[in-house]
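This is what each chain is made of:
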Amino acid sequence: MYRAILFQQWRWTRLVVVLGTLAAFAVPLFSLRGAAAVMDHGTAAGFLGDLQSWGIAYPTLAGALGVLMAVTLWAPDHRGRHVYALALPVPRWRYVTLRYLAGLTLLAAPAAGLALGAFLASATVSLPPGLHPYPLALSCRFALAVLVAFTLFFSISAGTARTAGVILGLAATLVVAQILLSAAGTDADILMPVLNGVLSPPGPFAVFTGRWMLVDV
Amino acid sequence: MFEKLDPRSPTPLYAQIAERLRTAIVTRELTPAEALPSVRQLAATLRVNPATVVQAYRELEAEGFVEMRQGMGTYVREVSPGQRGAERERQATELVRRMLADAARLGLSVRDVTAAFERELGEQVR
Amino acid sequence: MSEYAVEIDHLTYRVKRAFTLEDLCLRIPAGSIYGFLGPNGSGKTTTIRLVLGLLRPAAGAISVLGHAIPAEAPRALKRIGYVPEAPHLDPTLSVSEAIWFHSRFYPSWDAAWAERLREAFELDPVRPFGRLSKGQKGKLMMLLALAQRPDLLVLDEPTDGLDPVVRRDMLGALLDYVAQHEATVFISSHLIHELERICDWVGVMDGGRLVADVGMERFKTGMKRLRVAHGPHDTAALPFRVLTRSPDNGSGTESWLVRDWAPEMASALAAAGGDLQQVIDLDLEEGFVELLRSFRGPAREPAHV
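Residues numbered from 1 in each chain as written. Chains lettered and ligands numbered in written order. Predicted model: local features only at pLDDT ≥ 70, side-chain atom pairs only at ≥ 80, totals over all residues.

### What to know about the overall build of chain B
Thought 1: Regarding its fold elements, chain B presents five helices and two strands.
Thought 2: Start at the N end of chain B and walk to the C end: the helices and strands fall as α-α-α-β-β-α-α.
Thought 3: What you see for chain B is a C-alpha radius of gyration of 18 Å, clearly larger than the 14 Å of a compact globule of 126 residues, by over 25%.
Thought 4: Relative to its 126 residues, chain B shows a buried fraction of 22%. (Helix = DSSP H or I, 4+ residues; strand = E, 2+ residues; numbered from the N terminus. Rg over C-alpha atoms; globule rule 2.2 N^0.38 Å. Buried ≥ 20, exposed ≤ 12 C-beta atoms within 10 Å, placed from the backbone.)

Following this line, the structure appears as structure tokens:
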């Protein structure tokens, strides 16, 4: 049963998986090569600076993979209004779990791609003195970010379109409320505490924030 | 063989099937010891409920035209001259009954019908 | 084993703004072929979805093959072959992939028979589902439902809108299976002439209510149009049920639409003073149409079901 769902899911998401794996493999290589090129004319600080500008690519890619995998996975069910899935002789919770595991299995490819690219880049590019590569740390962090993004959007998409709408609506309400409060001239801040709670450790999205550096001091 | 099966007719389907088979057996279209199609085959071919086929076969068995052998199928039995004669008589009666009913519906008298009957017979002889 | 494959008790479900299924009671005998008739929007598909556990009832109990629905739906669904109104398979899967996909979910799957059916239905194994014609899709859905070797087949308008050759193939395969397996069939359709051939029970839905639930023969032979002269005003005491009565133009007789008629009842009518002039047979389609019309006509005697 798992194989059948995995196969079907591969069919739906193979473009995302293949392109994502290629991108994940390429980013560490390009970022290091680019920084190394800069290095020829500059200092270690310039090297790091250039590398840091690439940093944004990692959380973006992780987030995109998570979102796209979750959405393409659930889109057919939503389109058919769940009739097909519900007509299968599988309890709903088991069906959802199988889909989740299949999604994770497929996302292992880009995570592995990134690890491969990071290790390859670290091995082949000569670094300025005093800097060390952290391919393992970067790979683990990327994998975790993908996991978090996928889990979040999977949970939203697994519910009905109504539930998804409710959650997104809540988020939008917070933003709008904040805007209105600021416009009214008050110092009330509801958005920042929420964002802080979520983005800084031990919040779930802490993994996305901060610097993503393949090479550091 | 069963082209004229009419689910809309007031005659139940099993009776129509039995009728057709009975005629085939009496006219030796189906020979003794020959196997009738299996219930499954006939139901699928005619697109009727298998229970309908079973009912038809059972009726023919009760009348002595076929023999249903458990697990093997349904086979045609030898038809005695007496049976054949009785069947012919029954069919002729049915034919006449239907014709008279139609005639009544059309408002024709018995004399109209017999006159037409004799005319046609005369034509056929020629 | 219960004698009923499906038991619905006092089922209630609200379809927003359309109609309400209220207090629906229906029993499908095991091993029978039960035909489900009704105009569009009468609640047939909703009832089917409730029976399969795809919808949750507001009140009432459903039991399918001994399992409570929707509590034990997945277990029951393992033994139910379902052909939905609109084929909803993944359009990217090919025919053979779709067959393989389904085989993984049903322990009773017969792969050899699935292959024989695929050949008999002339389905190209590598063709994606989305590129099949309407008839081919229908045949594939029937194949998937049958290859499972189910104890109950639930078919929601499986052949409606398909050409006669496809219909013949599909029904032939269905009846072939039923003949060897003793499965129960619950089939809804607008093709009344097809149902007439194969069903031994018939249920008629109208506006969310089950207005008839009888044996096929009884329904067909019991519905008659009578031409009556001097018909009594009060028909409640008669052994058959009068659905509608209307005067024939200018001939002094009335045309009665009746239910549950038997030839012996002519004497009862005569005893009440009526003069029975003609009994007109109605086939299933005419009977069904007249039955429904009898509920709608305002100028007629209120219909009692």
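### Topic: the overall build of chain A
Thought 1: For chain A, the count of helices and strands is eight helices and two strands.
Thought 2: When its helices and strands are written in sequence order, chain A yields α-α-α-α-α-β-α-α-α-β.
Thought 3: Here chain A holds 217 residues, and 29% of them are scored as buried.
Thought 4: In chain A, of all internal contacts separated by at least 6 residues, the share reaching a separation of at least 24 is 79%. (Contact = placed C-beta atoms within 7 Å.)

### Side note on the confidence of the model for chain B
Thought 1: This prediction gives chain B a mean pLDDT of 87; 98% of its residues lie at or above 70.
Thought 2: Confidence, read as mean pLDDT per element, is least for helix α4 (residues 81-106) of chain B in chain B (85) and greatest for helix α3 (residues 50-62) of chain B (93). (pLDDT = per-residue confidence, 0-100.)

### Quick word on the packing of helix α4 (residues 111-120) of chain C against helix α5 (residues 134-147) of chain C
Residue and element names in this part refer to chain C.
Thought 1: Running from amino to carboxyl end, α4 crosses α5 at an angle of 160°, the nearest separation of the two axes being 9 Å. Compared by their axis directions, α4 and α5 come out roughly antiparallel. Every pair of crossing elements has a handedness; the one defined by α4 and α5 is right-handed. Residues Trp 113, Ala 114, Leu 117 and Arg 118 of α4 form the contact with α5, whose own contacting residues are Leu 143, Leu 146 and Ala 147.
Thought 2: Residues that form the contact of α4 with α5 fall into these classes: six nonpolar, no polar and one charged. (Axes fitted to C-alpha atoms, helices over the stretch in contact; angles between N-to-C directions. Parallel < 35°, antiparallel > 145°, perpendicular 65-115°, else oblique. Left-handed = near helix turned anticlockwise from the far one by under 90°. Nonpolar A, V, L, I, M, F, W, Y, C, P; charged D, E, K, R; others polar.)

### As for the domain arrangement of chain B
In many analyses, interface size is given as the accessible surface area lost on bringing the parts together.
Thought 1: Assigned domains within chain B: domain 1 (13-76) and domain 2 (81-125).
Thought 2: One C-alpha centre belongs to domain 1 of chain B, the other to domain 2 of chain B, and the line joining them spans 28 Å. (Domains from an automatic or database assignment.)

### Some thoughts on the confidence of the model for chain A
Thought 1: On average, residues of chain A score 81 in pLDDT, and 87% of them reach the 70 mark or higher.
Thought 2: When mean pLDDT is compared element by element in chain A, helix α5 (residues 92-124) of chain A scores highest at 91, while helix α8 (residues 191-199) of chain A scores lowest at 70.

### So, the interface of chain B and chain C
Thought 1: With 15 residues of chain B in contact, the opposing surface of chain C contributes 19 residues.
Thought 2: When contributions to the side of chain B that touches chain C are tallied by element, the ones reaching two or more residues are α2 (39-46) and α3 of chain B.
Thought 3: Tallied by class, residues from the side of chain B that touches chain C come to 10 nonpolar, two polar and three charged.

### Here we look at the sheet that holds strand β4 (residues 59-64) of chain C
The pairing of strands in a sheet comes from backbone hydrogen bonds and takes either a parallel or an antiparallel form.
Residue and element names in this part refer to chain C.
Thought 1: If you trace the four strands from one edge of the open sheet to the other, you get β2-β1-β4-β5, paired in antiparallel fashion. Both outer strands of the open sheet, β2 (19-29) and β5 (67-69), are each paired with one neighbouring strand and no more. Across this sheet, the average inter-strand angle for adjacent strands is 25°, counted without regard to direction.
Thought 2: Bridging between β4 and β5 involves three bridges; their strand directions are antiparallel. Residue pairing in the sheet places Val 64 in a bridge with His 67 of β5.
Thought 3: This element, helix α1 (residues 44-51), spans β1 (4-15), β2, β4 and β5 of the sheet and lies at about 120° to β1. (Pairing = 2+ DSSP bridges.)

### A look at the nonpolar core
Thought 1: Membership of the largest hydrophobic core comes to 115 residues, with the highest contact counts inside it found for Val 154 and Phe 186 of chain C.
Thought 2: No other element matches the nine residues that helix α6 (residues 164-181) of chain C contributes to this core.
Thought 3: Residues contacting Phe 186 of chain C, with those up to four places away along its chain left out, are Val 6, Ile 28, Tyr 34, Phe 36, Leu 152, Leu 153 and Val 154 of chain C.
Thought 4: If you look at the next biggest cluster of nonpolar residues, it comprises 40 residues, including Ala 24, Leu 61, Leu 65 and Trp 74 of chain A. (Core = buried A, V, L, I, M, F, W, Y, C linked by C-beta atoms within 7 Å.)

### Some thoughts on the interface of chain C and chain A
Thought 1: The interface is formed by 15 residues belonging to chain C together with 15 residues belonging to chain A.
Thought 2: Partitioning the side of chain C that touches chain A into residue classes produces 10 nonpolar, two polar and three charged.

### Overview of the arrangement of the chains
Thought 1: The interface with the most contacts, out of two pairs of chains in contact, is the one formed by chains B and C.
Thought 2: With respect to C-alpha atoms, chain A approaches chain B no nearer than 27 Å, and the pair has no contact.

### Notes on the pairing of strand β10 (residues 209-215) of chain C
Residues and elements named next belong to chain C.
Thought 1: In this structure, strand β9 (residues 201-206) lies alongside β10, joined through six bridges in antiparallel fashion. Among the inter-strand pairings, Trp 201 is bridged to a residue of β10, identified as Gly 215.
Thought 2: Between β9 and β10, which follow one another and run antiparallel, lie two residues, and Gly 207 among them has a positive phi close to 55°.

### Some thoughts on the pairing of strand β1 (residues 66-69) of chain B
Moving residue by residue along a regular strand, the side chains alternate between the two faces of the sheet.
All names here are of chain B.
Thought 1: Of the strand pairs in this sheet, β1 and strand β2 (residues 73-76) are connected by four bridges, and their pairing is antiparallel. Looking at the pairing, Glu 67 lines up with Tyr 75 of β2.
Thought 2: Hairpin connection from β1 to β2: three residues lie between these consecutive antiparallel strands, with Gly 71 at a positive phi of about 80°.

### Quick notes on the packing of α5 of chain C against α6 of chain C
All names here are of chain C.
Thought 1: In the contact formed by α5 and α6, the axes pass within 10 Å of each other and the chain directions differ by 5°. On the basis of their axis angle, the class for α5 and α6 is roughly parallel. The segment α5 lies against α6, with Gly 135, Gly 138, Lys 139, Met 142 and Leu 146 engaging Val 166, Asp 169, Met 170, Ala 173, Leu 174 and Tyr 177.
Thought 2: When the residues that make up the contact of α5 with α6 are grouped by side-chain class, the tally is seven nonpolar, two polar and two charged.

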